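Here is how the chains run, residue by residue.
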Amino acid sequence: MRRREFILSDWNQSYEKGKAGEGYGSAHYPKGRIWPLGTISRPMTIKDKEEIKFCLNQLVRNHEPTGFIHETYKKDDPLDFTRSWFSWANTYFGELVLKLDKLYPSLL
């Protein structure tokens, strides 16, 4: 199994699937939380438009009520999040938008 397949699978004990989304968590937080930095990394490292759309939709659905990308959120409840403003994730999301604007503007 390749590294990417492993990271995005149930074989990875940090990988989470829930009502709010799916992705891997951070070792810094308890199990059951999704790390948006990981969700942003997925479309930064692929060319599959469907996976890119999936990740963008998940990021857009799970940033309430602040309008910013959070540090983590519970897989079943995106309103249970850490850090209402997490500059690392927000900056990385900005990089993703700039990249997609050049490569796949229709996805934005």
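No experiment lies behind these values; they were computed from the predicted model shown.

Trainee: Hey, could you go over the packing of helix 2 (residues 36-44) against helix 4 (residues 87-103) for me, with residue numbers and the actual values?
Mentor: The description of two helices packed together rests on the angle between their axes and the distance between the axes. Look at helix 2 against helix 4: their axes get within 10 Å of each other, and the N-to-C directions meet at 20 degrees. With respect to each other, helix 2 and helix 4 are oriented roughly parallel. In this structure, helix 2 meets helix 4 at a crossing whose hand is left-handed. Between helix 2, through Leu37, Ile40, Ser41, Pro43 and Met44, and helix 4, the contact on the second element is made entirely by Trp88, Ala89, Tyr92, Phe93, Glu95, Leu96 and Lys99.

Trainee: Could you give an account of the nonpolar core, with specific residues and numbers?
Mentor: Soluble globular proteins: nonpolar side chains tend toward being buried together. Within the largest apolar cluster, 15 residues are counted, with the highest numbers of intra-cluster contacts made by Ile40, Ile52, Leu96 and Leu100. Where this core is concerned, the elements lending two or more residues are helix 2, helix 3 (49-61) and helix 4. Here this core takes four residues from helix 4, the largest share from any one element. Excluding residues that lie within four positions of it along the chain, Leu100 makes contacts with Ile52, Leu56, Pro105 and Leu108.

Trainee: Help me get a handle on the sheet that holds strand 5 (residues 77-82), residues and values and all.
Mentor: Taken in spatial order, the three strands line up as 3-4-5 in an open sheet, and their pairing is antiparallel. Looking at which strands have only one partner, the edges of the open sheet turn out to be strand 3 (33-34) and strand 5. One ladder, built from three bridges, connects strand 4 (residues 72-74) with strand 5; its direction is antiparallel. Residue pairing in the sheet places Tyr73 in a bridge with Phe81 of strand 5.

Trainee: Explain helix 4 to me, and be specific about the residues and the numbers.
Mentor: Compared with the 24 Å implied by 1.5 Å per residue over 17 residues, the 24 Å span of helix 4 between its first and last C-alpha is a close match. Looking only at helix 4, the buried set comprises Ala89, Asn90, Tyr92, Leu96 and Leu100. Looking straight down helix 4, one finds that the buried residues subtend no more than 160 degrees of arc, so they occupy a single side. Across from the buried face of helix 4, at angles greater than 90 degrees, the exposed residues are Leu98 and Lys102. If you follow the buried residues of helix 4, they end up packed against helix 2 and helix 3.

Conventions adopted
- All residue numbers here refer to positions counted from 1 along the written sequence of the relevant chain.
- In keeping with the model being predicted, local features are shown solely for residues with a pLDDT of at least 70 and side-chain atom pairs are shown and tallied solely at 80 or more, while totals for entire chains, interfaces and linings include all residues.
- Working from all heavy atoms in the structure, the side-chain values ignore hydrogens and water.
- In this analysis, axes come from line fits to C-alpha atoms, helices being fitted only over the stretch in contact, and the angle between any two N-to-C directions falls in the range 0 to 180 degrees.
- Per the convention used, a helix needs a DSSP run of H or I reaching at least four residues, while a strand needs a run of E reaching at least two, with both numbered from the N terminus.
- Each angle receives one of four descriptions, namely roughly parallel if under 35 degrees, roughly antiparallel if over 145, roughly perpendicular if within 65 to 115, and oblique otherwise.
- Crossing handedness is read from the near helix: turned anticlockwise from the far helix by less than a right angle, it gives a left-handed crossing, and turned clockwise, a right-handed one.
- Any pair of residues with heavy atoms lying within 4.5 Å of one another is described as a contacting pair.
- Residues belong to a common nonpolar core when they are buried Ala, Val, Leu, Ile, Met, Phe, Trp, Tyr or Cys residues joined through side-chain atoms within 4.5 Å.
- When a residue's accessible area, from a 1.4 Å probe over protein chains only, is under 20% of the maximum for its type it is buried; when over 50% it is exposed; and in between it is partly exposed.
- One bridge is not enough; two strands pair if DSSP finds at least two bridges between them.
- Each helix should span, by expectation, one fewer than its residue count multiplied by 1.5 Å.
- This arc corresponds to the set of directions leading from the helix axis out to the C-beta atoms.

Remember, this is a structural readout, not a statement about activity or role.
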